[in-house]
Structure formats: C-alpha cells, structure tokens
Amino acid sequence: MIKNLLEEIGSPSTIGIAGHTRPDGDCVGAVFGLYSYLSNVYKDADIRIFMEEPAEMFSFLKGYDRIDTSFAYPGQLDVFIALDCGDVDRLEGAKKLFL
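Since the model is a prediction, treat every value here as computed from it, not as a measurement. (Residues numbered from 1 in each chain as written. Predicted model: local features only at pLDDT ≥ 70, side-chain atom pairs only at ≥ 80, totals over all residues. Heavy atoms only, no water.)

Caption draft 1: Highlighting the nonpolar core. Of all hydrophobic cores here, the largest spans 21 residues; its most connected members are Ile 17, Leu 38 and Met 51. Within the residue set of this core, elements represented by two or more residues are strand E1 (14-18), helix H2 (25-41), strand E2 (46-50) and strand E4 (79-82). Of all the elements, H2 adds the most residues to this core, at seven residues. Look past the residues within four positions of Ile 17 in its chain and what remains in contact with it is Val 31, Leu 34, Tyr 35, Leu 38, Ile 47, Arg 48, Ile 49, Phe 50, Ile 81 and Leu 83. Phe 50, Tyr 73, Leu 77 and Ala 94 belong to the second largest nonpolar core, which has nine residues in total. (Core = buried A, V, L, I, M, F, W, Y, C linked by side-chain atoms within 4.5 Å. Buried < 20%, exposed > 50% of the residue type's maximum accessible area, 1.4 Å probe, protein only. Helix = DSSP H or I, 4+ residues; strand = E, 2+ residues; numbered from the N terminus. Contact = heavy atoms within 4.5 Å.)

Structure (structure tokens):
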C-alpha cells in the first residue's frame, strides 16, 4: 500500500495534509503519522499541515508546530491529502485547498 501511495504522489515539491474539522485523536494520529512518514521520504519537499489546532495533549507529535490554522497557501500545492474525512465539507478551511 505504501508503495502505491508513493507512486501516486510522484516527486512533488509541495504537499498539503489535512484532516476534518474539530480534529479528534484518530484524525490527529493519521495526519501527523503521514506527515512524519512523508517528511522522511521527501526531505526537500515543503510539507504543510492544514487543520484546526488540536488539543494541547498532542503537542508532542512531530509537526505540531507546523500546523497552519490560516488555511492559506499562495498558489497551488502539487499534492493535497485529506485524511479521516468522508465528506469534503468536513475539511472546512482546508476545503478550498483540496478543491
């Protein structure tokens, strides 16, 4: 499965990752787990996390300090991955980046 993910992503210079609004533990885990993995694989890529700030108890996770709660990005990302979200409307602020 990971091999297929990397084939799908290709060689991006920018990657956005988001989860649903009011992120709970499984959303936070999925987003930061993928961020950690991709930041090890794509060392030169600009990888951004777009989500509402999760609870402080998750602040130990790699990438917590990289959360962009403004949902602003100049231009278009090469790859955008939405996790733990069955409906595009639950992306809220990240919806415009997804579309």
